[in-house]
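Examining the three-dimensional arrangement
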Amino acid sequence: MSINIKPAPLPVDDEVVARQVSLQLSTSSTLIKPDALEALIERKAIHLSPHPEVTIGDPVDWHMNPLGERNWSAQLHMFRWIRPLVTEAKERGNSDAAELIAKYIRSWAESAFPLEGSPRYAWSDMIDAVRTLEFLDAYTVVPEDDRDFIGALLYVHGEWLADPKNLGHSNHAVWQHIALFVLGHVFDKKDWIATSKERISHAFDFEYDDEGINREAAPGYHLYNYILWHDVNDRMIAEGDGIKDLASKLDMARSALIQFTWPDGNLIELGDTGPRSHLKKLAGSEDIQYVLTKGAEGKIPAEIFSTYKAGYAFGRSGWGANAKDYQDEFFWSLRYGRIGVHGHNDIGSFYLGASGQRLLIDAGKYGYISDDNKRHIIGRSAHNTLVVNDAETKEDVDYQVLNKHHTSAFDDIEVQGFPYQGVRHTRRVIYVRGADAVIVLDGATSKKEHDYHLYWHLDPKAAVTHKGRTSHVKVGRARFAVSEIGTRSNSELVKGISSPKMEGWHSPKWGEMEPT
């Protein structure tokens, strides 16, 4: 089969291409397995993390989705997996690798046009942009007689990205804007450049609030966007441009990332934050270095209590500079505000860590998989907050701060929201720093009578002794007790049940569930 793509009406500027593909950007990195080149050449197989290796065959069926996961299919059409071939062609002059790259790209184009019959996700937002930048890199190594074709294909991508009907939102749109900016310079197309710069400026102002918090509502995506926006700016600087006020806002974003960390150095797993998310890519600044080395190097952060209007509160016993080692410091967090793009229905949740252990935990990410497990993981009953089973859930939950107070001896914050129709929930957290004791006071009011449930999810390794109104918990070296102080309540210990409803589950990594 052959397709007819019109030649690009403007020439490719090879100097722009060389500048852009030479940039060593954090968002250009991906998890490439050591045997990825061999897998592609010998086994016709690709390994798209976090998924297992899949044989794609020859020719490739671009409609394939053997794992039934949209993330796998999306990555297939992003074309990051051709990087080992590009590297082989660049560094070793391997002409077979160069020809195979061109073969894959031509094969993909045959399936992607006309658009009406193209594979699902082939032209989805962000996927289109990432593929644009991968094709640009491939352009530099493919055989000479394939370059005009790939140049024409890049121009088609530019027309697609310029059309506002094809734009996504959040970080997906940011990828699209910078890809259009790059193509505008590649083809010296002034309207693409102007459009992309306007979109980039608007997106930057929209995606961050005045405290430097990204609106995607997950620490993992706060980190991802922090890196992405630096890379966007680097691509613009390479063409003599840049983003106004980027440094000051992203400095605040970096400071927030420090607060988002457990004492074990990983980001707290709120929303779509994956396990073992850390700040290693940001090594260099003194405050980040302090976190990465657990206080051995760098500058100690100034705050032991911080709140953000976007809906986060954090408190600590310290940063490892006094009686406790860094990893043994007491840590708590309260989530309020709104859910957000990559947030879960966790508003009002409380989290706790001490003595080097996570004690009260979040449900985890699980993955972008539409099934009962995912529906549970993102729901309120998978989080440490109030659940009302016989009331209608509100779609746009918003908890706001009523009061807050901080001294060297204690932290005190109270928030309020309406998570269900007609139900008012208040939660007050008081942390006594010297005693490492926390009091959580919940209030729920409604004109109707309801059964109110408060969930507390312990680390899966926890050993629990439950007696009366107190649960004694051991996790590693940590010992603590959870005691009820209400007069009309009773408690129940559950772990990993699925009927009549799911309760007591945590997702430790992509696609997996663990009783807790």
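In what follows, the accompanying structure is described. Here the structure is a predicted model, which means the values were calculated and not measured.

1. Digging into the pairing of strand β3 (residues 305-308)
With burial as the criterion, each face of β3 is covered, one bearing Phe305 and Thr307 and the other bearing Ser306 and Tyr308. When β3 meets strand β4 (residues 312-316), the two strands line up antiparallel, connected through four bridges. Bridging across to β4, Thr307 finds its partner in Ala313. Count of turn residues in the β3/β4 antiparallel hairpin: three residues, of which Gly311 carries a positive phi of about 120°.

2. Digging into the pairing of strand β14 (residues 463-467)
As defined by bridge partners, β14 adjoins strand β15 (residues 470-475) across five bridges and the pair is classed as antiparallel. Residue pairing in the sheet places His466 in a bridge with Ser471 of β15. Between the end of β14 and the start of β15, which pair antiparallel, lie two residues, with Gly468 showing a positive phi angle near 60°.

3. Some details on the sheet that holds β3
The strand order β3-β4-β5-β6-β7 describes an open sheet built from five strands, whose pairing is antiparallel. Single-partner strands in this sheet number two, and they are β3 and β7 (357-360). When strand polarity is set aside, the average angle formed by the axes of neighbouring strands in this sheet is 15°. Helix α11 (residues 246-259) contacts β3, β4 and β5 (331-335) of the sheet and is inclined by roughly 125° relative to β3.

4. Looking at the side chain of Arg427
Looking at where Arg427 falls in the secondary structure, it is placed in strand β11 (residues 423-432). Arg427 sits in the buried class, given a relative accessible area of 0%. Within the structure, the side chain of Arg427 is placed 2.8 Å from the backbone oxygen of Gly348, a separation counted as a polar contact.

5. A look at the sheet that holds β15
Strands sit in the order β14-β15-β16 across an open sheet of three strands; the sheet is antiparallel. One side of each edge strand has no neighbouring strand; the edge strands of this open sheet are β14 and β16 (478-483). On average, each strand axis in the sheet is tilted by 15° relative to the strand beside it, whichever way the strands run. Relative to β16, β15 runs antiparallel, the two sharing six bridges. Each bridged residue has a counterpart across the sheet, and for Thr470 the counterpart in β16 is Ser483.

6. Brief notes about empty space enclosed by the protein
Per the counting criterion, the structure on display carries one cavity of 30 Å³ or more. Roughly 60 Å³ of internal volume is contained in the largest cavity. Together, Trp262, Pro263, Asp264, Gln327, Glu329, Gly353, Ala354, Ser355, Gly356, Gln357 and Arg358 line the largest cavity. Taken together, the residues that form the lining of the largest cavity break down as three nonpolar, five polar and three charged.

7. Remarks on the packing of helix α5 (residues 95-112) against helix α7 (residues 144-162)
The geometry of α5 relative to α7 is characterised by a closest axis approach of 11 Å and an angle of 45° between their N-to-C directions. In this view, α5 runs oblique relative to α7, as classed from their interaxial angle. Relative to α7, α5 is oriented so that their crossing is left-handed. Here Ala102, Ile105, Arg106, Trp108 and Ala109 of α5 lie close against α7, whose contacting residues are Asp145, Asp146, Phe149, Ile150, Leu153 and His157.

8. Some details on the pattern of salt bridges
If you walk through the whole model with that rule in mind, you get 30 salt bridges. Note that Glu134 is salt-bridged to Arg83, the shortest N-O span being 2.6 Å. Taken together, the residues Glu134 in helix α6 (residues 127-139) and Arg83 in helix α4 (residues 83-92) connect sequence positions 51 residues apart. Take Glu134 and Arg83: they sit in the same class, and that class is buried. A salt bridge links Asp436 to Lys324, with the nearest nitrogen and oxygen atoms 3.1 Å apart.

9. Regarding the packing of aromatic side chains
Scanning the entire structure with this criterion turns up 29 aromatic pairs. Judged by centre distance (6.5 Å) and plane angle (85°), the rings of Phe350 and Trp456 are edge-to-face. Highlighted residues: Phe350 in strand β6 (residues 350-354) and Trp456 in the loop between β13 (453-454) and β14, separated in sequence by 106 residues. What links up through ring pairs into an aromatic cluster is the set Trp62, Phe79, Trp81, Tyr104, Trp108, Phe113, Trp123, Phe135 and Trp160. A cation over an aromatic ring shows up here: Arg131 above the ring of Trp123, its NZ or CZ 4.9 Å from the ring centre.

10. Brief notes about the packing of helix α9 (residues 190-207) against helix α10 (residues 219-238)
α10 packs onto α9 with a crossing angle of 150° between their chain directions and a minimal axis gap of 13 Å. In terms of their interaxial angle, α9 and α10 are classed as roughly antiparallel. Of the two elements, α9 crosses α10, and the hand of that crossing is left-handed. On the side of α9, the interface is formed by Lys197, Ile200, Ala203 and Phe204, while α10 contributes Trp229, Val232 and Met236. Considering only residue class, the contact of α9 with α10 consists of six nonpolar, no polar and one charged.

11. Regarding a nonpolar patch on the surface
Together, Ile439, Leu441 and Ile485 make up a nonpolar patch on the protein surface, roughly 270 Å² of accessible area in all. You can see Leu441 is positioned in strand β12 (residues 437-446).

12. Section: the nonpolar core
Grouped together as the largest cluster of nonpolar side chains are 104 residues, with contacts concentrated most on Trp81, Tyr104, Trp108 and Trp229. Looking at which element gives the most residues to this core, the answer is α5, with 10 residues. With residues near it in sequence (within four places) discarded, Trp229 still touches Val174, Ile200, Ala203, Phe204, Tyr208, Ile243, Leu246 and Leu250.

13. Brief notes about α4
Within the sequence span of α4, burial applies to Arg83, Pro84, Leu85, Val86, Glu88 and Ala89. The inward-facing, buried residues of α4 contact α2 (36-43), α5 and α6. Phi for Gly93, located one or two positions after α4, is positive at around 65°.

Rules and cut-offs
- Residues numbered from 1 in each chain as written.
- Predicted model: local features only at pLDDT ≥ 70, side-chain atom pairs only at ≥ 80, totals over all residues.
- Heavy atoms only, no water.
- Buried < 20%, exposed > 50% of the residue type's maximum accessible area, 1.4 Å probe, protein only.
- Helix = DSSP H or I, 4+ residues; strand = E, 2+ residues; numbered from the N terminus.
- Pairing = 2+ DSSP bridges.
- Axes fitted to C-alpha atoms, helices over the stretch in contact; angles between N-to-C directions.
- Contact = heavy atoms within 4.5 Å.
- Polar contact = N/O pair within 3.5 Å; in protein donor to acceptor, adjacent residues only side chain to side chain.
- 1 Å grid on protein atoms, 1.4 Å probe; cavity = no way out; pocket = protein on both sides within 12 Å on 5 of 7 lines; lining within 4 Å.
- Points joined across faces, edges and corners; volume = space filled by probe spheres on them.
- Nonpolar A, V, L, I, M, F, W, Y, C, P; charged D, E, K, R; others polar.
- Parallel < 35°, antiparallel > 145°, perpendicular 65-115°, else oblique.
- Left-handed = near helix turned anticlockwise from the far one by under 90°.
- Salt bridge = Lys/Arg side-chain N within 4 Å of Asp/Glu carboxyl O.
- Phe/Tyr/Trp six-rings, centres within 6.5 Å; stacked < 30°, edge-to-face > 60°.
- Lys NZ or Arg CZ within 6 Å of the ring centre and 35° of its normal.
- Patch = residues over 30% accessible without salt bridge, like charges linked within 9 Å, V, L, I, M, F, W, Y side chains within 5 Å.
- Areas by Shrake-Rupley, 256 points an atom, 1.4 Å probe, with all protein chains shown as cover.
- Core = buried A, V, L, I, M, F, W, Y, C linked by side-chain atoms within 4.5 Å.

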